[in-house]
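# An overview of the molecular structure
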Amino acid sequence: TGFTKLSKDTRADAFLSQDNPVLVYKDKVKEIFGLSDPIVIAIQDHSAAGIFNVRTLQMVADITEAVNQIDNVNQDRTISLAIDKSITGTADGMEVKPFLELLEEGTPKDIAQAVHDFPVYEGILVSRDRKMTLIILELFDDDLAELTYQKVMEITGQYETPHFVNIYVAGEGAVLGYLSHYIDE
């Protein structure tokens, strides 16, 4: 008879009291910066070139485009090499171009150099050793995290990668989705 009163709360926050300083500051950051709990896709390439090769950069572009089609993903807040821009100074001012547009005019090394020249992305969007890059997805509704996580897993699972390339899905949004599915099972 008690089963009708049970509820499922898969948030990591559910394990902490509401006055816990971690939650208090997390809520402040969310309020001030409008950040939600993301799903993070990490693409790791152990080849000599790291992620800066045509195959891996195309995979980043394809995955970014596919996950941005998921209804619960806020495309305007997605962070990825596929959509973020290189900003360089020129004699006339500034030139702003999507990183992957540099591939149309040059080589993956040009993108690597552009990332290096704009250090905001190094160590955040691209690992310092250039072996990994992230696609960061913000969700509109955390209550739909399970469905969103499942769709992201379907998309990333479609890629047959060489043994030296790995795709990982993580982040609090992914944990919410995984826990919800795991608890149901």
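Bear in mind the structure is a predicted one, so any value in this text is a computation, not a measurement.

### Quick look at the overall build of the protein
A count of helices and strands for the protein gives six helices and five strands. Listed N to C, the secondary structure of the protein is α-β-α-β-β-α-α-β-α-β-α in terms of helices and strands. Put simply, the protein has 185 residues, and 38% of those count as buried. When the accessible surface of the protein is summed, it comes to about 11,200 Å², and 55% of that surface belongs to carbon and sulfur atoms.

### With respect to the sheet that holds strand β5 (residues 165–170)
Across the sheet, which stays open at both edges, the three strands sit in the order β4-β1-β5 with antiparallel pairing between neighbours. The open sheet has two free edges, formed respectively by β4 (132–137) and β5, since each of these has just one partner strand. Strand-to-strand, the axes of this sheet are offset by a mean angle of 15 degrees, without reference to chain direction. Where strand β1 (residues 39–45) and β5 come together, six bridges link them in antiparallel fashion. When the sheet's bridge partners are listed, Ala-42 is paired in β5 with Tyr-168.

### Looking at a nonpolar patch on the surface
On the surface, Ile-87, Met-94 and Val-96 cluster together into a nonpolar patch covering about 290 Å² of accessible area. On the secondary structure map, Ile-87 appears in strand β2 (residues 85–90).

### A word on the nonpolar core
Counting 34 residues, the largest nonpolar core has Phe-52 and Leu-81 as the members making the most contacts within it. If you list the elements that add at least two residues to this core, you get β1, α2 (54–67), α4 (108–117), β4 and α5 (145–157). A total of six residues in this core trace back to one element, the largest contributor, which is α2.

### Re the packing of aromatic side chains
All chains considered together, the criterion is met by one aromatic pair. Seen in terms of ring centroids, Phe-99 and Tyr-121 are 5.3 Å apart; in terms of plane orientation they differ by 80 degrees. Their pairing is edge-to-face. Taken together, the residues span a long stretch of sequence, with Phe-99 in the loop between β3 (93–98) and α3 (101–105) and Tyr-121 in the loop between α4 and β4 at a distance of 22 residues.

### Observations concerning the environment of Thr-156
With respect to the helices and strands, the residue Thr-156 is situated in helix α5. Residue classification places Thr-156 among the buried residues on the basis of a relative accessible area of 8%. The spatial distance from the C-alpha of Thr-156 to the C-alpha of Val-67 is 9.0 Å, given a sequence separation of 89 residues. Not counting residues within four places of it along the chain, the set of residues in contact with Thr-156 comprises Ile-41, Ile-63, Ile-167 and Val-169. At 3.3 Å, the side chain of Thr-156 forms a polar contact with the backbone oxygen of Met-153.

### Considering α4
For α4, the set of buried residues is Pro-108, Ile-111, Ala-112, Ala-114 and Val-115. Along the long axis of α4, the arc covered by the buried residues comes to 160 degrees, so they all point the same way. The secondary structure elements touched by the buried residues of α4 are α2, β2 and α3.

### Things to note about the pattern of salt bridges
Across all of its chains, the model carries three salt bridges by this definition. For Asp-45, the salt bridge is made with Arg-55, and the minimal N-O distance between the two is 3.0 Å. Of this pair, Asp-45 sits in strand β1 while Arg-55 sits in helix α2, and the two are 10 residues apart along the sequence. Classification of Arg-55 as partly exposed rests on a relative accessible area of 37%. Its salt-bridge partner being Arg-77, residue Glu-138 comes within 3.3 Å of it at the nearest N-O pair. Here Glu-138, found in the loop between β4 and α5, pairs with Arg-77, found in the loop between α2 and β2; they are 61 residues apart in sequence, far enough to count as distant. The exposure class assigned to Glu-138 is buried, which follows from its relative accessible area of 12%. For Arg-77, a relative accessible area of 32% gives the class partly exposed.

Conventions adopted
- Residues numbered from 1 in each chain as written.
- Predicted model: local features only at pLDDT ≥ 70, side-chain atom pairs only at ≥ 80, totals over all residues.
- Heavy atoms only, no water.
- Helix = DSSP H or I, 4+ residues; strand = E, 2+ residues; numbered from the N terminus.
- Buried < 20%, exposed > 50% of the residue type's maximum accessible area, 1.4 Å probe, protein only.
- Areas by Shrake-Rupley, 256 points an atom, 1.4 Å probe, with all protein chains shown as cover.
- Pairing = 2+ DSSP bridges.
- Axes fitted to C-alpha atoms, helices over the stretch in contact; angles between N-to-C directions.
- Patch = residues over 30% accessible without salt bridge, like charges linked within 9 Å, V, L, I, M, F, W, Y side chains within 5 Å.
- Salt bridge = Lys/Arg side-chain N within 4 Å of Asp/Glu carboxyl O.
- Core = buried A, V, L, I, M, F, W, Y, C linked by side-chain atoms within 4.5 Å.
- Phe/Tyr/Trp six-rings, centres within 6.5 Å; stacked < 30°, edge-to-face > 60°.
- Contact = heavy atoms within 4.5 Å.
- Polar contact = N/O pair within 3.5 Å; in protein donor to acceptor, adjacent residues only side chain to side chain.
- Arc of directions from axis to C-beta.

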